[in-house]
Amino acid sequence: MYATTYHRPASVDEAVKLASEEAKYLSGGQTLLPTMKQRLAAPSDLIDLRHIDALKGISVDGKHVRIGAACTHNEIANSDAISAVCPGFTYLAGHIGDPAVRHMGTIGGSIANNDPAADYPAALLALGATITTNSRTLSAEEFFTGMFETALEEGEMVTAVEFDAPEKSGYAKFRNPASRYAMTGVFVCKGADGSVGVGVAGAGADGAFRSPEMESALASNFAASALEGISIDPSGLMTDMHASAEYRANLIKVMGKRAVEQAG
Amino acid sequence: MGVEGIGARVARKEDKRFITGKGRYTDDMVVVGMKHAHFVRSPYAHAKIRSIDASAAEKMLGVIAVLNGKQMTEDGIGNLICGWMIHSKDGSPMNMGAWRPIAQDTVRYVGDAVAVVVADTKAQARDAAEAVVVDYEELPVVTEAVQALKDGAPQLHPEAKNNLIFDWEIGDAAATDAAIKSAAHVTKMKIVNNRLIPNPMEPRAALGIYDEAEDHYTCYTTSQNPHVARLVMSAFYNVAPENKLRVIAPDVGGGFGSKIYIYPEEIVCLWASKRTGVPVKWNSDRTEAFLADAHGRDHVTEVEMAFDADNNMTALKVDTIANLGAYMSLFSSSVPTYLYATLFSGQYKIPAIHGNVRTVYTNTAPVDAYRGAGRPEATYLLERIVETAARELNVDPAELRRQNFIREFPYQTPVIMCYDAGDYEASLEAAMQAADYKGFPARRDEAESRGKLRGIGMSCYIEACGIAPSQAVGSLGAGVGLWESAEVRVNAVGTVEVLTGSHSHGQGHETTFAQLVNDRFGLPIDQVSIVHGDTDKVQMGMGTYGSRSGAVGMSAIVKALDKVEAKAKKIAAHLLEADESDIEISGGELKVKGTDKTVPWFQMALAAYTAHNLPDGMEPGLKEGAFYDPTNFTFPAGCYICEVEVDPDTGKTEIVQFVAADDFGKIINPMIVEGQVHGGIAQGIGQALLEGTSYDPETGQLLTASYMDYTMPRADDLPSFKVSTTETACPGNPLGIKGCGEAGAIGSPPALINAITNAIGKNDLTMPATPQKVWAALQG
């Protein structure tokens, strides 16, 4: 790790003032710190967001869920309030990384990084979530712009994630054998109005995406059997040494079925 | 058997310090004035070095020196060697290219050292290493052995035309070809044995200390054989004569073979310490370990097995190309030859065998012994082709094996080895019973009802351990003898120190070796200390690899104990006024048989050292040494049965049962032996299911250079193992020990692949059998 200057602001405004082109916001540090240790990232300043009260806390008002950006995966996984309305989401959070990662990593940090193998982006796309930053509110579709790319501008930070809980939700992922990140993860949900969301993690060459063919198949019949007949087009999917695009296409279908089964 | 004697499940004495973080590893060593080294490593797999500009780095804060290979050569430091000479079948010696500890003109793999920075802190050394400007001229790259042999392939060393190091053969080609020609059935396969990266928990490290006042060097290093390190560094690398070089291998956190060899880094630390006048420490980070530790395996083999009309094996023909990487590591030449092809007979009577092995340079990390070293490769090809033949012949694989077992001993194979003892039927039966082999079809049907493909596979392995005897290995090209030494010191108060040339880096010698003393004299193991790993304390030793510490190292201790016992009895007989033939030792006492006359052990020891009342002419003291050179290898063998369930939707394999029945001969501590088997199986499952080393064929970049991409086995990848042992005593050594360190890694990969291919009904599957590969095989 190269030398860096650590800051611990107490408010969003204070943090934003510290921001610069060479600085980085630090949340749980589960990606940034290993990258820095390998000298692949060298921010001049680290602005630690974990001590800003405004970024903390989970609130559930009826079906409306609001999660502060600095909430850890572990807090989300163990939130009875979220679990009561959207168990697929807490299940997803409880299966990120390992216990050490879940106790440090945060939802804001994860989605700001938008690792294509991260779990949250698929769920937020499927749920039609909104992402609030210190300056604006974006839909998940607007926020996630590509692999490791988001709509965040320099100095902008995620402050909260919000969504309306669906009637049913489920998540199934197939882990990369080495990294244990999602090699393919599928989040499915069905709203009270019958709308269906399907988000896919770990498989897209441009990051997480919604699957229109699975959404339309499930819209008429929200059952695993509804996905039997569909075929997923491998073009636009990632190929790496662990999984070809064809294999990932297969996994999308298989994980999709399992997610629907889990959603009940 | 006493509670701490031979055969007792004694808890490991050394574990208290290991599990409380009190182990003392090389990187824990801190000496006054110590500085830190960081290596500048080549980012290219093959390139000419046009120039190295260290001027900016030398001016950086904390930097003491930036050293290069030319300076090393000027100071007379020699090239690294391969210590086992192999001759090609045309009689020519192997074509060994030069391996300089720091590359001078050409780099040949990603990670090849080109310079070293010594600085006050590790971070400063690393910063300065980034400021060393190396001007490279990139050269074409070849990473695969089969490609490297082709005309027009990039050439690595001028000494090795077409990158061929040697073209070696074993056995009778004509008889084998004739048997294949007249066979009723021939099974043919192409077998790939995947390259593995060892990944011991403790990365390599070295601390070089030059004492100008004494003109003496001390090297702390992560070595499995510190005496061999001293010998090689002294005799070949001209670091210092042996009397001026002390090598200490303190606690070492796993080796698996990768810490046998003498690497450039420890030589550089010693040399740099003299050159800079300060002690120099280097500690590998994990990425360096991936890049620059010696890798294992990496064979491509064509194999044919012939049968007569009654399904008797009649011939085996093997043609292997082995990738040795960019340079020949210390024992690299012996692994795909004498540690490999001499096991081609397996547990079977095969009248005609021929093996041909070509070894090849490529732009990859050097390849050398890794847990099993040649024997896993032999077992894998043999047990895969036997299983495949059974499927083709439509006979039960267990019965095909059983029918062809060797049953009379000693058995001279057509490939040098003479098996001394074994009962292969016994381990097969034990494994089949434990696995409920007969119940498999019902379990398969039940799994099918759950949508799972269930398969069963077995492997009957044999290995050669206790690598020896010296005369034999010498005649096969080994540059060293492979005996072991021991010294038993009885102190004046009766406590015992055992000095051994074996080295423990996880094997539990501090416990098992003490059990030998307990068994002999009845002393609590707490009163027995094991001293190892220091060339100033232990006179000489050959170290630990090839499961040799039991069969060879313990045998040396037994010989020394024999001498101590004989002298102790003489002293006791004198003190008790009895005949020494009437003295017996047990429970910490020396007794006159059939009487109540005794002398406590400690009193006998005190008498030896006070020397007030010793037999006429006896020297004072009680300390005896021994060298032990075995008469043969030992031949552990066993049967492993694996049962898997494959999810056809994802291709993911779950191991639902794993049974091991091993014959290790006499066992000193069953708990430690079971631990060895568990660890070995975990590594074998790693090879078969998870671990795949991948180099980019165009650029030679290591694509699996971290745990993000290289899959080490984890607890949840592994089932509970059902392990058991059968025992045929080994006639070749006094304890009847065969060795157990590598069996798990040797026997398990073919059992697992046989099980998966049985489950999916497709035989063409390479290791590691990742979910993607299994799924793809199911689609095909």
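Residues numbered from 1 in each chain as written. Chains lettered and ligands numbered in written order. Predicted model: local features only at pLDDT ≥ 70, side-chain atom pairs only at ≥ 80, totals over all residues.

**Student:** Explain the overall build of chain B residue by residue, including any values.
**Tutor:** Per the secondary structure count, chain B includes 20 helices and 28 strands. Taking 780 residues into account, the globule formula puts the C-alpha radius of gyration at 28 Å, and chain B, at 27 Å, falls close to it. C-alpha extents for chain B along the principal axes are approximately 85 × 70 × 55 Å. Every one of the 780 residues in chain B was classed for burial, and the buried ones make up 57%. (Helix = DSSP H or I, 4+ residues; strand = E, 2+ residues; numbered from the N terminus. Rg over C-alpha atoms; globule rule 2.2 N^0.38 Å. Buried ≥ 20, exposed ≤ 12 C-beta atoms within 10 Å, placed from the backbone.)

**Student:** So what's going on with the overall build of chain A? Which residues, and what values?
**Tutor:** Within chain A, the regular secondary structure consists of 11 helices and 14 strands. Taken over C-alpha atoms, the radius of gyration comes to 18 Å for chain A, in line with the 18 Å a tight globule of 264 residues would show. Taken along the three principal axes of its C-alpha coordinates, chain A extends 55 × 45 × 30 Å. Considering only contacts in chain A between residues 6 or more positions apart, those separated by 24 or more positions represent 61%. (Contact = placed C-beta atoms within 7 Å.)

**Student:** Describe in detail the sheet that holds strand β12 (residues 280-283) of chain B, supporting the description with residues and values.
**Tutor:** Residue and element names in this part refer to chain B. Taken together, 7 strands build an open sheet; the order of strands is β3-β5-β1-β12-β9-β10-β11 and the sheet is mixed. At either margin of the open sheet sits one strand with a lone partner, and together these are β3 (63-68) and β11 (245-248). Adjacent strand axes in the sheet meet at a mean angle of 20° when their direction is disregarded. Note that strand β10 (residues 216-221) and β11 share 4 bridges and pair parallel. (Pairing = 2+ DSSP bridges. Axes fitted to C-alpha atoms, helices over the stretch in contact; angles between N-to-C directions.)

**Student:** Can you tell me about the environment of Ile467 of chain B, naming the residues and giving the values?
**Tutor:** Residues and elements named next belong to chain B. The residue Ile467 is located in the loop between β18 (453-462) and α14 (470-475) in this model. The sequence separation of Ile467 and Ser549 amounts to 82 residues, and the corresponding C-alpha distance is 9.8 Å. What Ile467 contacts, discounting residues up to four positions off in sequence, is Val473, Leu482, Gly546, Arg548 and Phe633.

**Student:** An account of helix α16 (residues 548-576) of chain B is requested, with residue identities and associated values reported.
**Tutor:** Residues and elements named next belong to chain B. Taking 1.5 Å of rise per residue, the 29 residues of α16 would be expected to cover 42 Å, and the 40 Å separating its terminal C-alpha atoms lies within 8% of that figure. In the structure, α16 departs most strongly from a straight axis at Met554, where the bend amounts to approximately 25°. Just beyond α16, the residue with positive phi is Glu577, at close to 55°. (Expected span 1.5 Å × (residues − 1). Bend = angle between axes of the 7 residues up to and from the residue.)

**Student:** Describe the sheet that holds strand β4 (residues 106-107) of chain B, and please don't skip the residues or the numbers.
**Tutor:** Within a beta sheet, neighbouring strands are joined by backbone hydrogen bonds and run either parallel or antiparallel to one another. Residues and elements named next belong to chain B. One open sheet holds the 3 strands; their spatial order is β4-β2-β6, and the pairing between them is antiparallel. The open sheet terminates on both sides in strands that have one partner only, identified here as β4 and β6 (133-138). Pairing between strand β2 (residues 47-53) and β4: 2 bridges, direction antiparallel. By the bridge assignment, Lys48 is partnered in β4 with Thr106.

**Student:** So what's going on with the domain arrangement of chain B? Residues and values would help.
**Tutor:** Bring the parts together and some accessible area is lost; that lost area is often taken as the interface size. All names here are of chain B. Taken domain by domain, chain B holds domain 1 (31-139 + 201-254 + 259-292), domain 2 (299-468 + 632-779) and domain 3 (483-628). Relative to domain 2, the C-alpha centre of domain 1 lies at a distance of 36 Å. Each partner contributes to the interface: domain 1 provides 23 residues, whereas domain 2 provides 24 residues. Grouping the amino acids of the side of domain 1 that touches domain 2 by side-chain chemistry returns 16 nonpolar, 5 polar and 2 charged. (Domains from an automatic or database assignment. Nonpolar A, V, L, I, M, F, W, Y, C, P; charged D, E, K, R; others polar.)

**Student:** Residue-level account of helix α10 (residues 375-393) of chain B, with values.
**Tutor:** Because an α-helix packs 3.6 residues into every turn, residues spaced three or four apart end up facing the same way. Residue and element names in this part refer to chain B. Spanning 19 residues, α10 covers 26 Å between terminal C-alpha atoms, matching the ideal 27 Å at 1.5 Å per step. With 16 of 19 residues buried, α10 lies mostly within the body of the structure. Phi turns positive one or two residues past the end of α10, at Asn394, with a value near 60°.

**Student:** How would you sum up the domain arrangement of chain A? Please name residues and give values.
**Tutor:** Residue and element names in this part refer to chain A. By the assigned domains, chain A splits into domain 1 (5-48), domain 2 (53-164) and domain 3 (168-263). On a C-alpha basis, the centres of domain 2 and domain 3 stand 19 Å from each other. Taken together, the contacts link 22 residues of domain 2 with 25 residues of domain 3. Of all the secondary structure elements, the ones that give two or more residues to the side of domain 2 that touches domain 3 are α5 (87-94), α8 (120-127) and β8 (144-146). At 6 residues, α8 tops the list of elements feeding residues into the side of domain 2 that touches domain 3. Among the residues making up the side of domain 2 that touches domain 3, the classes are represented as 16 nonpolar, 5 polar and 1 charged.

**Student:** So, the pairing of strand β5 (residues 113-119) of chain B: which residues are in play, and what are the values?
**Tutor:** Residue and element names in this part refer to chain B. For β5, a buried count of 7 out of 7 residues is recorded, marking the element as mostly surrounded by other parts of the structure. Bridge count for strand β1 (residues 35-41) against β5 is 6 bridges, and the pairing is antiparallel. Considered in β5, the bridge of Arg41 is made with Ala113. The pairing of β3 with β5 spans 5 bridges and is classified as antiparallel. Looking at the pairing, Leu67 lines up with Val116 of β5.

**Student:** Report on the confidence of the model for chain B, specifying residues and quantitative values.
**Tutor:** Summing up the model confidence of chain B, the mean pLDDT is 96 and the portion of residues at 70 or higher is 100%. Scoring the predicted complex yields pTM 0.96 and, for the interface, ipTM 0.96. (pLDDT = per-residue confidence, 0-100.)

**Student:** Go over the packing of α16 of chain B against helix α17 (residues 601-610) of chain B, please, and point to the residues and values.
**Tutor:** All names here are of chain B. Packing of α16 against α17 brings their axes to within 10 Å, and their N-to-C directions diverge by 95°. Classified by the angle between their axes, α16 and α17 sit roughly perpendicular to one another. Facing α16, whose interface residues are Ala568, Ile571, Ala572 and Leu575, α17 presents Met604, Ala607 and Ala608. The residue makeup of the contact of α16 with α17, split by class, is 7 nonpolar, no polar and no charged. (Parallel < 35°, antiparallel > 145°, perpendicular 65-115°, else oblique.)

**Student:** Give a description of the nonpolar core that names residues and reports values.
**Tutor:** Residue and element names in this part refer to chain B. If you look at the biggest cluster of nonpolar residues, it comprises 329 residues, and the most contacted ones within it are Ala37, Ala115, Val116, Val117 and Ile557. Ranked by the residues each element gives to this core, the list is headed by α16, at 12 residues. If near-sequence neighbours (up to four positions away) are discounted, Val117 is found in contact with Ala37, His38, Val40, Ala57, Val63, Val66, Ala125, Ala128, Ala129 and Val132. (Core = buried A, V, L, I, M, F, W, Y, C linked by C-beta atoms within 7 Å.)

**Student:** Could you give me a rundown of the environment of Gly62 of chain B, with the residues and numbers involved?
**Tutor:** All names here are of chain B. In this fold, Gly62 is placed in the loop between α2 (55-58) and β3. Residue classification places Gly62 among the partly exposed residues on the basis of 16 C-beta atoms within 10 Å. As for Gly62 and Ala128, which are separated by 66 residues in sequence, their C-alpha atoms are 9.1 Å apart. The contact partners of Gly62, leaving out residues within four places of it in the chain, are Ala119, Asp120, Thr121 and Gln124.

**Student:** Residues and numbers for unusual backbone geometry, please.
**Tutor:** Comment: phi is negative for the bulk of residues other than glycine, and the bulk of peptide bonds are trans. Residues and elements named next belong to chain B. Each neighbour pair has its own omega, and for Phe409 with Pro410 the value is -5°, a cis peptide bond. On the secondary structure map, Pro410 appears in the loop between α11 (397-404) and β16 (411-412). Of note, the bond from Met767 into Pro768 is cis; its omega dihedral lies within 30 degrees of zero at -10°. In this structure, Pro768 sits in the loop between α19 (743-760) and α20 (771-779). Its identity as a non-glycine residue notwithstanding, Asp215 has a phi of 50°, on the positive side. Tracing the backbone through its elements, the reader meets Asp215 in the loop between β9 (205-211) and β10. The exposure class assigned to Asp215 is exposed, which follows from the 11 C-beta atoms found within 10 Å.

**Student:** Account for the packing of α10 of chain B against α19 of chain B, with residues named and values stated.
**Tutor:** Residue and element names in this part refer to chain B. At their nearest, the axes of α10 and α19 sit 8 Å apart, and the two run at 30° to each other. By the angle class used here, α10 and α19 are roughly parallel. In terms of crossing hand, the pair formed by α10 and α19 is right-handed. Note on element contacts: α19 touches α10 through Ala745, Ile746, Gly747, Pro749, Pro750, Ile753 and Asn754, opposite Arg375, Pro376, Thr379, Tyr380, Glu383, Arg384 and Glu387. When its residues are assigned to classes, the contact of α10 with α19 shows 7 nonpolar, 3 polar and 4 charged. (Left-handed = near helix turned anticlockwise from the far one by under 90°.)

**Student:** How would you explain the environment of Val300 of chain B if you had to name every residue and give the values?
**Tutor:** Residues and elements named next belong to chain B. With respect to the element layout, Val300 can be found in strand β13 (residues 299-307). Spatially, the C-alpha atom of Val300 lies 10.0 Å from that of Val357, the residues being 57 residues apart in sequence. In this structure, Val300 is in contact with Ala145, Val146, Val192 and Ile321, ignoring residues within four places of it in sequence.

**Student:** Which residues make up the pairing of strand β5 (residues 64-68) of chain A, and what values do they have?
**Tutor:** Residues and elements named next belong to chain A. One ladder, built from 4 bridges, connects strand β4 (residues 58-61) with β5; its direction is antiparallel. Its bridge partner being in β5, Val60 is matched across the sheet by Val65. Connecting β4 to the antiparallel partner β5 that follows it, the hairpin turn spans 2 residues, and Gly62 within it adopts a positive phi of roughly 65°. In terms of strand pairing, β5 meets strand β10 (residues 158-164) through 5 bridges, oriented antiparallel. Paired with Ile67 across the two strands is Val161, which belongs to β10.

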